[in-house]
Amino acid sequence: MPSKVAYDVVGTPELLLYSTTTQRQTSPRSTTFIRIFKYLALCSAAVTLSNVLPTPWSALHIQSRVSKVPLQATSADPASEWEDNVWPLRKQTPWDISTDFPFPRELQYDVTEGTWLRLDVHPKSGDIVFDMLGDLYCLPAADVAANGLTKARPILLGIPYDSDPHFSPEGDRLVFRSDAELGVENIWITIWKGCEAMDVRSAEPNDDDLREALKNQAFEQNLLASGVKENYRRKHNRFVREGRLNAQRVTNETYRWVTDARFHPSGDKVVATKWYTSGRSLGAGEGWEYPIPSVTDLKERKERHIAAGDGKRITSRTLPAGWSSEDYGDQQIGPEQHLWTNRGDSIIYSKNVIDDSAFSYSKDVHKGIYAIFQKNITTGDIETLADASPGGASRPELSRDGRTLAFVRRVRDKEALVFKDLTTGTSHHVWYGLNYDLSTVSAPMGTYPSFAFTPSDDAVIIWAAGQIYTVPLTTNELGEKIASSTAPFPIPFVAHVEQRLAETRRDDFNVFKLETQETQRVRAFKELRVDDKGHQVVFQAAGVTYVQEVGKDTVTKVPVLHESSPYYSPDFVHGADHLVLHARWSDTQFTTFELADLRSGIAYELTGLPFGRYFSPILCECSGSGRQIAFLKSGGDILTGDILATAGVGLYLGDITLPPKNSKASHSIEIRNIRFVPSNIETEDRVNLRFLEKNKKLLVQQSSSAFIIDLAAGANKLGKYTHIPLSSGKMSTELVVAPKISKKDYTAESVAFVDFFHVYFAPGGELEEGDEVWSRPGNATKGLARLSLDGGHDVTFTRDGKKIFWFLGPYLHSLEISKLKKCSSAIDKDEINFGISCVKNQLSYQEIVVEHLTDIARLKQDANGSEQVVIYNATLLTMATGEERWDVIRGGIIIIRGGVITGVGRLAQNQSIPGGPATAINAQGGFVVPGFIDVHAHWDGFSNRYPAKSWEMETFLAYGVTTVHNPSADTVKGFVERSRIESGQLIGPRIFTVGDIIYGAGEPGIHQDIVDQGEAYSALVRIKAEGGAASISYKNYNLPSRASRQRLLLAARNLSMLCVPEGGMNYDWDLTYIVDGMTTVEHALPVPTLYDDVLTLYALSGTGATPTHIVNYGGAWGEQLVWATEDIPNDPKLRRFTRHDQLQVLTESTARPANSYQIFNTSSSVAKMIDKGLLAHIGAHGEPPLGLNYHAEMSFTKQGGLSNYEVIRAATSSAAKTLGLYGSLGTLSANKLADLLVYPPGVDILSGDISSTRDIRYVARGGRIWDATTMEEVWPLKGKKQVLLDPKDGTENEEDTSPDDAGSLTKETATQAVGPKSKRVLRGKWGHLQQVAQLPLDILFEVSISGWGDEIAKQENSLDIVSDHELVKQPKALNERIWNNIKDPLMDFLDTPKTRRLENLCKAIIRTRRKVLYGVIQTHASFQPLYTVLPSAADVAIILTFR
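**Q** How should the packing of helix α16 (residues 1067-1075) against helix α17 (residues 1092-1101) be read in this particular structure?
**A** For the pair α16 and α17, the least separation of the axes is 9 Å and the interaxial angle reads 40 degrees. As for how α16 packs across α17, the hand of that crossing is left-handed. The residues of α17 that touch α16, namely those facing Y1067, L1071, I1074 and V1075, are V1094, L1097, Y1098 and S1101.

**Q** Please clarify how helix α23 (residues 1204-1211) should be interpreted in this entry.
**A** Counting along an α-helix, one turn takes 3.6 residues, and residues three or four places apart therefore face a common direction. Counted residue by residue, α23 has eight buried out of eight residues, so it is predominantly covered. Considered for burial, the residues of α23 that qualify are N1204, Y1205, E1206, V1207, I1208, R1209, A1210 and A1211.

**Q** I keep staring at the side chain of Q217 and nothing clicks. Help me out?
**A** Secondary-structure assignment places Q217 in helix α4 (residues 217-225). Given a relative accessible area of 12%, Q217 falls into the buried group. Residues within four places of Q217 in sequence aside, it is in contact with E106, R201, R241 and E498.

**Q** I keep staring at the pattern of salt bridges and nothing clicks. Help me out?
**A** Opposite charge on two side chains permits pairing when their charged atoms draw close. In this structure the tally under the stated criterion is 64 salt bridges. In this structure, R241 engages E220 in a salt bridge whose closest nitrogen and oxygen atoms are separated by 2.9 Å. A residue pair is termed long-range when its members are at least 10 positions apart, and R241 in helix α5 (residues 232-242) and E220 in helix α4 qualify at 21 residues. Relative accessible area serves as the criterion here: at 4%, R241 is assigned to the buried category.

**Q** Would you mind going over the sheet that holds strand β40 (residues 650-657) with me for this structure?
**A** To summarise the sheet geometry, strands pair through backbone hydrogen bonds and adopt either a parallel or an antiparallel arrangement. If you trace the four strands from one edge of the open sheet to the other, you get β38-β39-β40-β42, paired in antiparallel fashion. Since the sheet does not close on itself, it has two edges, and those belong to β38 (613-619) and β42 (672-677), each with one partner. Strand-to-strand twist of the sheet, defined as the mean angle between neighbouring strand axes without regard to direction, takes the value 25 degrees. Alignment of β40 against β42, held across four bridges, turns out to be antiparallel. Its bridge partner being in β42, L651 is matched across the sheet by V677.

**Q** Got a minute to help me understand the sheet that holds strand β55 (residues 844-847) in this structure?
**A** In space, the four strands of this open sheet follow the order β52-β53-β54-β55, with antiparallel pairing throughout. Single-partner strands in this sheet number two, and they are β52 (793-797) and β55. On average, each strand axis in the sheet is tilted by 20 degrees relative to the strand beside it, whichever way the strands run. Bridge count for β52 against strand β53 (residues 803-808) is three bridges, and the pairing is antiparallel. Bridge pairing in β53 places T796 opposite F805.

**Q** What exactly am I supposed to notice about helix α21 (residues 1159-1172) here?
**A** An ideal rise of 1.5 Å per residue puts 20 Å on 14 residues; α21 measures up with 20 Å between its terminal C-alpha atoms. Looking at the packing, one finds that the buried side of α21 touches α17, α18 (1118-1125), α22 (1188-1198) and α23. Positive phi shows up at G1173, right after α21, with a value of about 120 degrees.

**Q** Just to check I follow, could you spell out the packing of aromatic side chains for this structure?
**A** Aromatic ring pairs: the centre-centre distance and the angle between the two ring planes describe each pair. The full count for this structure, using the stated rule, is 37 aromatic pairs. Between F359 and Y361, the ring centres sit 5.2 Å apart and the planes meet at 90 degrees, which makes this aromatic pair edge-to-face. Where F631 meets Y652, the ring centres are 5.9 Å apart and the plane angle is 10 degrees; that geometry is what we call stacked. With F631 in strand β39 (residues 626-634) and Y652 in strand β40, this residue pair connects regions lying 21 residues apart in the sequence. Just as F631 is buried, Y652 falls in that class too. Taken together, the aromatic side chains of Y568, W585, F590, F611, F615 and Y946 make up a single cluster linked through ring pairs. One cation-aromatic arrangement involves R317 over W82; the distance from NZ or CZ to the ring centre is 5.4 Å. The ring of F992 carries R978 above its face, with NZ or CZ at 5.4 Å from the centroid.

**Q** In this structure, what is going on with the state of the cysteines? I would like to understand it.
**A** By definition, a disulfide links two cysteine residues through a covalent bond between their sulfur atoms. Enumeration according to the criterion identifies three disulfides in this entry. Across the disulfide, C620 is cross-linked to C622 (sulfur-sulfur distance 2.2 Å). The disulfide joining C620 to C622 has a torsion of about -135 degrees about its S-S bond and is therefore left-handed. Taking the relative accessible area as the measure of exposure, C620 reaches 1% and is therefore buried. When the bonded cysteines of the protein chain are counted from the start of the sequence, the pairing works out to 1-2, 3-4, 5-6.

**Q** Where do I start with the packing of helix α14 (residues 1013-1027) against helix α15 (residues 1042-1055) in this structure?
**A** When two helices pack together, their arrangement is given by the angle between their axes and by how far apart the axes lie. In the contact formed by α14 and α15, the axes pass within 8 Å of each other and the chain directions differ by 50 degrees. Between α14 and α15, the angle is such that the two are oblique. Every pair of crossing elements has a handedness; the one defined by α14 and α15 is right-handed. In this structure, α14 uses Q1013, A1016, Y1017, A1019, L1020, V1021 and K1024 to contact α15, whose residues at the interface are R1047, L1048, L1050, A1051, A1052 and L1055. When grouped by side-chain class, the residues that make up the contact of α14 with α15 number ten nonpolar, one polar and two charged.

**Q** Help me understand empty space enclosed by the protein, please; the structure alone is not making it clear to me.
**A** To find leftover empty space, a probe the size of one water molecule is rolled over the atoms. Of the voids in this model, the largest cavity is the one considered here, and its volume is about 340 Å³. Looking at the largest cavity, it is lined by 22 residues, and the ones nearest its centre are V530, D571, E621, L689 and R690. Broken down by secondary-structure element, the contributors of at least two residues to the lining of the largest cavity are β30 (526-530), β34 (567-573), β38, β43 (688-692), β44 (697-701), β47 (734-742) and β52. Per-element tally for the lining of the largest cavity: the top contributor is β43, with four residues. A breakdown of the residues in the lining of the largest cavity according to their chemical character gives ten nonpolar, five polar and seven charged. Counted as a void, the second largest cavity has a volume near 230 Å³. Around the second largest cavity sit 17 residues that line it, and G158, I159, Q221, E242 and R500 are the ones nearest its centre.

Cut-offs used in this document
- Sequence positions are assigned chain by chain, starting from 1 and proceeding in written order.
- Where local features are concerned, this predicted model is filtered to residues with pLDDT of at least 70; where side-chain atom pairs are given and counted, the filter is 80 or more; whole-chain, interface and lining totals use all residues.
- The basis for every side-chain value is the complete set of non-hydrogen atoms in the structure, without hydrogens or water.
- Angles here are taken between N-to-C directions and fall from 0 to 180 degrees, while the axes themselves are lines fitted to C-alpha atoms, restricted in helices to the stretch in contact.
- Helix and strand definitions follow DSSP, with helices as H or I runs of at least four residues and strands as E runs of at least two, each counted in order from the N terminus.
- What makes a crossing left-handed is the near helix being turned counterclockwise from the far one by less than a right angle; a clockwise turn instead makes it right-handed.
- Two residues form a contact once any of their heavy atoms are found within 4.5 Å.
- Type-normalised accessible area, obtained with a 1.4 Å probe on protein chains alone, sets the label of each residue: buried when under 20%, exposed when over 50%, and partly exposed for intermediate values.
- Salt bridge, as used here: a side-chain nitrogen of Lys or Arg that lies within 4 Å of a carboxyl oxygen of Asp or Glu.
- For two strands to be treated as a pair, DSSP must find at least two bridges joining them.
- What a helix is expected to span follows from its residue count: subtract one and scale by 1.5 Å.
- Planes of paired rings set the category: under 30 degrees apart is stacked, over 60 is edge-to-face and the rest tilted, where pairs are Phe, Tyr or Trp rings (Trp by its six-membered ring) whose centres lie within 6.5 Å.
- A ring is considered to have a charge above it if a Lys NZ or an Arg CZ atom is located within 6 Å of its centre and within 35 degrees of its normal.
- Count a disulfide wherever a pair of cysteine sulfur atoms falls within 2.5 Å.
- These descriptions rest on fixed angle ranges, namely under 35 degrees for roughly parallel, over 145 for roughly antiparallel, 65 to 115 for roughly perpendicular, and the rest for oblique.
- Side-chain classes follow a simple rule in which Ala, Val, Leu, Ile, Met, Phe, Trp, Tyr, Cys and Pro form the nonpolar group, Asp, Glu, Lys and Arg form the charged group, and the remainder, Gly included, forms the polar group.
- Points on a 1 Å grid, built from protein atoms alone, make a cavity when a 1.4 Å probe fits but cannot get out and make a pocket when they are open with protein on both sides within 12 Å along at least 5 of 7 lines; residues with an atom within 4 Å of a point are the lining residues.
- Grid points are joined across faces, edges and corners, and a volume is the space filled by probe spheres set on the points.

As structure tokens, this is what we get:
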């Protein structure tokens, strides 16, 4: 959601190319004066720039900074004016998490310690009730007093996750939180009968119902796991043995959730924290009051009707200055941990006071984050009971007499239990033995587990270090409670854990078959456009433009001028549907437009386009060859940076002449009279342009708006053009219209839009002025029809508006609008899905097949028959057995053929290499390991509009990551990027991605409710359609309903997909992810130090762990430790591959003590679970700097006690197993893809510093091998480097400096080493140099390999002088002694002509730049109004010819 933070604007309007001003019109005389003044100023700036701007031998660094305006809090309470009536979009359908989802496995074990045990003490008996792993247990006070090992009595078990138990003031009832039934956490209540009476696993139960239920337990659980629906009797038995037969739900939340209920002193109501998400999924708390049934009501089972959302708000969120009630839902910070005072007239709560409106990570716990407040319910007065600083104050609890406020606080490297006497105001530190609190995270489970005073106030019972402790108390002379002289002591207990588990979602994916076949398919298409009549569509398929004839099988590749360049933004030419206009991308020249003739196969280049990033070119709907062209310019982006050609963003017009119909040869077409048109077009958004009335008007269609720009009317006095709105969407991500002209005015005859991934149609006649189209049931646009069964994107109308097209994966969908009449009744009656049950039968669709060669197929072509590579003299670390002693092969050999490992082991003496001749690489004893897998890798380049080469992908590969799994990306764009790598447009690791996350919070573009099984299936089909065999996983991201999460898991079984949920800082939800069988939990559990209950459950469940220490919860993030200990901005390898501006911002970090980081506790917990059998992985979260942080994550993983081998196993075979890739990747084994890393000799990755894993010599992906330091290819195309192509001459900007392992340096190998330019010197001018300069061949060779080959070639006028040099004339054979004697004088001699040549070159550049400047001013003056600002010096500086 939009941030409410204001920012200072950097710079002035004068820095924007062709921007307009609102100043009054100046007189001609003053205009002339201003022009002269600007001209002189610009010339002065240009001369300065000419001397300081980068020349071909220098570099430029530009910095920018933004100042944030701080927000001020407001005392107003807008909650009463805010309505929570948008989310969820649809109501959940019936579901029971216990019976509608199978749990066939059972796990039982005993524990004597527990994690995050929230507890309460009975106000009379002293019994202790606590939650553990979503079950409730009780410790009888009598057993505890005996000082032995107390057996914990289970009082609430089963599939529902139960927690937060609290007694009523009289001890006759117990409230708790549970996700029973629908899977949303609500408050429940039951009668309290005592520990023994409520024990549902008593060895000798007194209750006949319980005996019968336990007798049938195994049989009935197996029936349920087998899918046999539960009858009334079986349900009754289940409730009895779970302990919930007499429990009642007292809240009814189906989207928000409620935690931590506390009784009012009267016993007839509770206060609880209700959690609200905004566009962000981190909850903000509020205090809500709920009525509670009496004991009599519970005994008589009287249940009152509770409407969804019922309750009374008593503490609300406060807003920063400038926010209104409309913004209330965006506030991410609120009160939590509520409890009543003893008088019952006030509420005590805790609140994060550091974050004003948005939650932030890595806060300083020592300064303090939470404070504790008291609010008088009657007066509304609020007072601070405990300040945040220092160390914070959270988890408030009251003594029985109401005089003492207890809470937790960080004190130096300790966590303290603190008392504040509310009578005297004095505070006392009682005990320093607590675990660290979780005030640094968003903590709906509480910043610390709840605790309680004993009935007589003589002790506190509290969880710490895995145990339940008694903290004895006494009172001082002032009556203040303080620590007793008796030290705190644990209450020994043993609890029997009984957990039903679902099958862990696992699968196997045959990536080996996918990559070794001849071709792969492109499945994700975008930029769909249709011709005038709806007979053809044109689209981009991973950087290639194709045309598909509707209803036909074959797809046609559009003819282009440069086959190796990527193309984008295609469209047909009106009145000439055989012509396609699209854009070509070059990483050095940026955008060039091309016009393709589908009939003749001829392509034409459009010239005259200034250097820049352009998209969406279209031609006017005119007749004849003279046409107007419109296109858009955008600024910088993640892949191409923000330095070059960033000014003048917006809409441009120009003029061109189409080639004659009988043209038989390609030629250039000039774009003339280019001019800027001020507009409201958002160039960072999607844009679909179309001319109307020939060239008089321009239709602009964006994500949530459509409008017309009146070009014919021209600009007003302020330089603005009239914009005519046609339609807008409330939450749409695409919107297109079929315009209609009536009474010389335009309206939208039809509107189509994408809302929450589905395609909808709305008749324009039903729309009132200002209406926003929307698909929310109950608020939906009148006459709305849903067109897509499972979803769609890239929606477009035919020119006449009678037909609509869209894509879902490779399937082209279309619908004749007139056919919707057949479904009018169904549409009118269906208020939820808007007639899709009928509309789906009116659709037409066809599958479009686009294929490309696989990289291994291209590798075989590149190898030209020599497909075998042997890496010998290697220390192989195969990772094949999981045991270090068996996986290390010294003196080993690995054989690769056609990208596949064919042999691993040792060669016997005199044994020949199987398979015949091979390219041999001597590892020189260095380690060879499988390629690394980054299981949790974010990056941004997939979102780039322009198909540029990716420095991100190259960086991953350079640091040894050969496979990446992205847990959040745009579905279409993510798979487009994958296809661009697989088709060879750019190099990088193989990509797997979950696509768009399935998001629970209120973000329009990605929110999904998943209210029924059909919606769950569609959500996954949308991902699978775009990725096909490469779509292996999905991510549910903080879906609040466990029912929704279970539905997705069932759908995933049918679609062979894994589930990788967002850990999301919700400890309780994370444990349900494990129990429900999700494939992994992404991120660490928010409780860093885990104990045996969780360690055993997690490790034995089958769910994998990706802890991402780099962004660890519970403390400062690990990345800050990286920034503090690494010289990131000056790291040579990072600077070679990564944008320098991204490195520079990582220069400084704040010094933080080790105890501020919880990564070490997290790492220790992970190590303990690995010892128990957990599969852990390495995931670096895509935090900058890419690549290096992957190895930092490996280092953090080791800190918990793992060996280097175990860390490497997590990075390779364990990751492959979890992701279902183990049959193809993860080990050095025969018949697997050849993904591997070769380390230099002397780098000991097993026994040395784990950070040495970054010191990679070679990296191979699918058999193609690169030098990891330069990313130059070693095999099969030795010396090839990912290049920046110059589309003018097709030459490659590459340098052949690949290493040579053959042995001694020769003239031939030196010729290869000095690069292609020097090779041209040696080969093309060798004879010339010998003839003119009379230099012996050996001296020429030595001079060239000393770095002077290029310079000699450039010094054509100096060669005579060189040849006459006395040292060269000596008629002696060159030997090492002579060369050493003449080398330095000869180099000094060559410096003089070099300096003179560079001075002349600099002068020539300045002269050229002045000419360019003059041309810019002339061009600007020819078509810009007098009152516009001249191009700035910076604008001129980015022009390619000027540079």
